[in-house]
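What follows is each chain in one-letter form.
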Amino acid sequence: MNFYESDENLKSLLRTKWDDSFYEWADKKLRQFGSRCAGEIDERAVHTDREGQPRLYKYDKMGNDISEVWLNEGYKKTVQETYGEGIVGYLHKNIPELGRKGDYTYSFAQGYLLSQAEPGFYCPVTLTMATAYLIDHYASKELKDHYLPHVLSTGEVDLFEGATFLTERQGGSDVGANEVEAVKEGDHYRIHGEKYFASNAGACGVAMVLARTEGGVSGTKGLSLFLVPWRKEDGTLNGIQIRRLKDKLGVRAVPSAEVEFVGAKAYMVGEADSGFYYMMEALNLSRVCNVVASIGIMRRSLVEASHYAKKRKAFGSSLIAYPMVKDTLVSLTVNQEVATQTVFDLVHSFEKEAREPENTSARNQILNRLRIAIMKKETAEQAVTFTHEAIEMHGGNGYIEDFVTPRLLRDAQVLTVWEGTANILGLEVLKLFNKYQAHELFIQDVIERIIGRTKEHILVKEAVHSFADYVENVLKQSTEVQTYYSKGLAEKTALLYEAVVALEMVEKGGRSQKIAELFIHHHFGEEKPQAHPLALLYADEVLNVNKAHT
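By convention here, each chain's residues receive numbers from 1 onward along its written sequence. In view of the model being predicted, local features appear only for residues whose pLDDT reaches at least 70, and side-chain atom pairs are presented and counted only at 80 or more, with totals across whole chains, interfaces and linings using the full set of residues. Working from all heavy atoms in the structure, the side-chain values ignore hydrogens and water.

A word on the overall build of the protein
For step 1, the next point in the chain: Within the protein, the regular secondary structure consists of 16 helices and 13 strands.
For step 2, the next point in the chain: Based on C-alpha atoms, the radius of gyration is set beside the globule rule, defined as 2.2 Å times the residue count to the power 0.38. Over its C-alpha trace the protein gives a radius of gyration of 24 Å, about what one expects of a compact globule, namely 24 Å for 550 residues.
For step 3, the next point in the chain: Referenced to the eigenvectors of the C-alpha coordinate spread, the extents of the protein come out at roughly 80 × 55 × 45 Å.
For step 4, the next point in the chain: Looking at the 550 residues of the protein, the share that counts as buried comes to 57%.
For step 5, the next point in the chain: Sequence separation of 24 or more characterises 73% of the internal contacts of the protein that already satisfy a separation of 6 or more.
For step 6, the next point in the chain: Of the roughly 23,400 Å² of accessible surface on the protein, a fraction of 49% belongs to carbon and sulfur atoms.
For step 7, the next point in the chain: A positive count includes Lys and Arg, and a negative count includes Asp and Glu. His and the chain ends are not counted in either. Lys charges are placed at NZ, Arg charges at CZ, Asp charges at CG and Glu charges at CD. Positive and negative side-chain charges in the protein, numbering 64 and 77 respectively, have mean positions lying 2 Å apart. Comment: elements are numbered from the N terminus, with helices defined as DSSP H or I runs of at least four residues and strands as E runs of at least two. The buried label applies to any residue whose accessible area, calculated with a 1.4 Å probe on protein chains only, is under 20% of its type's maximum; exposed applies above 50%, and partly exposed to all values in between. By the convention used here, residues are in contact when the closest approach between their heavy atoms is within 4.5 Å. Under the convention used here, a 1.4 Å probe and the Shrake-Rupley method define accessible areas, while residue burial counts only the protein chains that appear.

Rendered as structure tokens:
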């Protein structure tokens, strides 16, 4: 098994993203990483999930608070190997073999493969990516020179994983209610207070922390961003204590904790009172990572369900011979491949803004925010649906921890919560529609991309006009009623975005065309009972039933 080699959809879309020299290098690297993810990284993930979860050693034998988080050796090996591949580092520094930086497409391709094996660890990777982004974009030269090489390490210096601490007990998603305080002391600050859900605690080298300076105004406008080293130069804790680790349903690889700052030494990053806005930029990056993790879990669920259906016999035939099973697998395949194509279309736009925000038009910034919000909601929910379908395909076996399916379900569920719940994302969409007329920009963008005249193009064009009328009617309602419809707006917007990407797959012909036709007719057409349903007509080619499972 190799997660990369067996994913023709991924390989074909990546081939269009890079020039020949970069593709040759990346293809080789991803092939190696795909094998590792399907092999030893997956095996270590099983151990971490079952017996090797992080443990907190609160005190030493003399009663001193050491707040030490134990991580098993297999997990630490995965950490070393993954960062060594440049999943974070090559976003900001040159790849030695090529003499140039990597890009987000390469990093997210790695994250997609990693999430099929260990989505729990992709959380710390995400936090480290966000930490690197914040330091690189906003930290002083002194902070950047001292800390960034460690955050970007691929093995040449000690690695400092990152963390972003926002959540407080009284606030949750209401970040403006945060109370953690930063007190000025010479050229630095001292942080006091607690963060209630702090992921990668005890494993990170630096944390990016939102705190309110003395006399700072209330709400999000009074929050500043601080870089907090986890340890002092002598190796002792930097005024940080871990109260307890969270006993989570899934993603058990990452230590999430309640953290107390007791005069922790900290350095302001960027301008005072601008921390929330900096962190929202990092949140957009984290949301893209969440999307990538979701399509990774969708892919693994599909692979497991397909493999089981091909191997398992019932009532004298393989499961995959039965029309209902074929229909389920075709539906999963179509939705996963269109979602993956859409996500990397999103990444292409995000890349430009992340690299050169000052050169990105307001229009594209708004569209990027909208695309990220809607795809975060859509793919997270789909990841849960896919794991459910994979369990059902396995029957009773799917509920047994000997199989990967229970872990996939537990790991998928948090993706609907991290980086914003469906309610928060629905409100984000409403804000973008009302304040920035994002719906008008989106509709214009969609229409510009619909250039064909097939029946699939006609169906999507009709859906665009219906969507425009629907949005107009919703935005005429009271604010309270608009919030009622907000999640539906997000869902309809996401579906149209995926449909436009699917139309571009139609133009490729072959199997891609069939995938796209199935997606569009399922979501926008009306299929009447017939002797040869489209899903069954295309099933053998879509599912590659005549090819050996790899």
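A few points about a nonpolar patch on the surface
For step 1, the next point in the chain: Only residues whose relative accessible area exceeds 30% and that take part in no salt bridge are eligible for patches, with like-charged residues grouped when within 9 Å of each other and nonpolar side chains (Val, Leu, Ile, Met, Phe, Trp, Tyr) grouped when within 5 Å. Basic side-chain nitrogens of Lys or Arg form a salt bridge, by our definition, when they fall within 4 Å of a carboxyl oxygen of Asp or Glu. Judged by side-chain polarity, Tyr399, Ile400 and Phe403 come together as a nonpolar surface patch covering roughly 330 Å² of accessible area.
For step 2, the next point in the chain: Tracing the chain through its elements places phenylalanine 403 in the loop between helix H9 (362-394) and helix H10 (405-413).

So, the state of the cysteines
For step 1, the next point in the chain: Only a pair of cysteine sulfur atoms within 2.5 Å counts as a disulfide in this structure description. In total, this model carries zero disulfides according to the counting rule given.
For step 2, the next point in the chain: For the unlinked cysteine cysteine 204, the closest cysteine sulfur is that of cysteine 123, found at 11 Å.
For step 3, the next point in the chain: With no disulfide of its own, cysteine 289 lies 9.7 Å from the sulfur of cysteine 123, the closest cysteine sulfur.
For step 4, the next point in the chain: Relative accessible area serves as the criterion here: at 1%, cysteine 289 is assigned to the buried category.

A few points about helix H14 (residues 479-506)
For step 1, the next point in the chain: Over its 28 residues, H14 extends 39 Å from the first C-alpha to the last, a length consistent with the 40 Å expected when each residue adds 1.5 Å.
For step 2, the next point in the chain: In this analysis the local bend is the angle between axes fitted, respectively, to the seven residues ending at and the seven residues starting at the residue. Within H14, the axis deviates most sharply at tyrosine 485, by approximately 45°. Helix span, expected: 1.5 Å multiplied by one less than the number of residues in the helix.

Remarks on the packing of H9 against H14
For step 1, the next point in the chain: For helices, the axis comes from a line fit to the C-alpha atoms of the stretch in contact; other axes are also lines fit to C-alpha atoms, and the angle between any two N-to-C directions lies between 0 and 180 degrees. Between H9 and H14, the least distance of the axes is 9 Å, while the angle of their chain directions is 100°. Classified by the angle between their axes, H9 and H14 sit roughly perpendicular to one another. Between H9 and H14, the contacting residues are Leu370, Arg371, Ile374, Met375, Lys377 and Glu378 on the first element and Lys487, Ala490, Glu491, Thr493, Ala494, Tyr497 and Glu498 on the second.
For step 2, the next point in the chain: Polar here means any residue outside two lists: the nonpolar Ala, Val, Leu, Ile, Met, Phe, Trp, Tyr, Cys and Pro, and the charged Asp, Glu, Lys and Arg; Gly therefore counts as polar. By residue class, the composition of the contact of H9 with H14 is six nonpolar, one polar and six charged. Working definition: roughly parallel below 35 degrees, roughly antiparallel above 145 degrees, roughly perpendicular at 65 to 115 degrees, and oblique for all remaining angles.

Here we look at the nonpolar core
For step 1, the next point in the chain: Counting 172 residues, the largest nonpolar core has Tyr104, Phe108, Tyr122, Met129 and Ile191 as the members making the most contacts within it.
For step 2, the next point in the chain: Discounting residues that sit within four places of it in the chain, phenylalanine 108 has contacts with Tyr122, Met129, Leu285, Val288, Cys289, Val292, Phe344, Val347 and Phe350.
For step 3, the next point in the chain: Here, nonpolar core refers to any group of buried Ala, Val, Leu, Ile, Met, Phe, Trp, Tyr and Cys residues whose side-chain atoms link them within 4.5 Å. Of all hydrophobic cores here, the second largest spans six residues; its members include Cys123, Val251, Val254 and Trp418.

Quick look at the pairing of strand S6 (residues 181-185)
Residues in a regular strand point their side chains to alternate faces of the sheet.
For step 1, the next point in the chain: Between any two strands, pairing holds if DSSP finds at least two bridges. Pairing of S6 with strand S7 (residues 188-199), which is carried by five bridges, proceeds in the antiparallel orientation. By the bridge assignment for S7, glutamate 181 is matched with histidine 192.
For step 2, the next point in the chain: The antiparallel hairpin formed by S6 and S7 contains two residues in its connecting segment, where glycine 186 sits at a positive phi of about 65°.
For step 3, the next point in the chain: Pairing of S6 with strand S8 (residues 206-213), which is carried by two bridges, proceeds in the parallel orientation. Along S8, the bridge assignment pairs alanine 182 with threonine 213.

As for unusual backbone geometry
For step 1, the next point in the chain: A positive phi is found at serine 67, a non-glycine position, where the angle reads about 40°.
For step 2, the next point in the chain: Following the sequence through the fold, serine 67 ends up in strand S2 (residues 65-70).
For step 3, the next point in the chain: With a phi angle near 65°, aspartate 273 is a residue other than glycine that sits in the positive phi range.
For step 4, the next point in the chain: You can see aspartate 273 is positioned in the loop between strand S11 (256-269) and helix H7 (275-311).

Re the UniProt feature "domain: Adaptive response protein AidB N-terminal" (unreviewed entry) in the protein
For step 1, the next point in the chain: Per the UniProt record, "domain: Adaptive response protein AidB N-terminal" (unreviewed entry) is found at residues 2-153.
For step 2, the next point in the chain: Secondary structure content for residues 2-153 is 62% helix and 10% strand, and the end C-alpha separation is 26 Å. UniProt positions are given in the numbering used here, feature names are shortened, and annotations may be inferred rather than shown by experiment.

Considerations on the domain arrangement of the protein
For step 1, the next point in the chain: Segmentation of the protein into domains returns domain 1 (8-152), domain 2 (162-273) and domain 3 (428-549).
For step 2, the next point in the chain: The source of the domain bounds is an automatic or database domain assignment. The distance between the C-alpha centroids of domain 1 and domain 2 comes to 22 Å.
For step 3, the next point in the chain: Taken together, the contact between domain 1 and domain 2 spans 32 residues of the former and 31 residues of the latter.
For step 4, the next point in the chain: The largest per-residue losses of area from domain 1 upon contact with domain 2 belong to Leu127, Leu143 and Tyr147, which jointly make up 20% of the total buried on that side.
For step 5, the next point in the chain: Viewed at the interface, domain 2 and domain 1 are joined by two salt bridges.
For step 6, the next point in the chain: The closest approach of N and O atoms between glutamate 68 and arginine 231, which form a salt bridge, is 3.2 Å.
For step 7, the next point in the chain: Any pair of N or O atoms that falls within 3.5 Å is considered a polar contact. Within protein, one atom must be able to donate a hydrogen and the other to accept it, and sequence-neighbouring residues count only if both atoms are side-chain atoms. Where domain 1 touches domain 2, the interface holds seven residue pairs in polar contact (both at pLDDT 80 or more). Throughout, the accessible surface (probe 1.4 Å) given up by two parts as they are put together, summed over both, is called the buried area.

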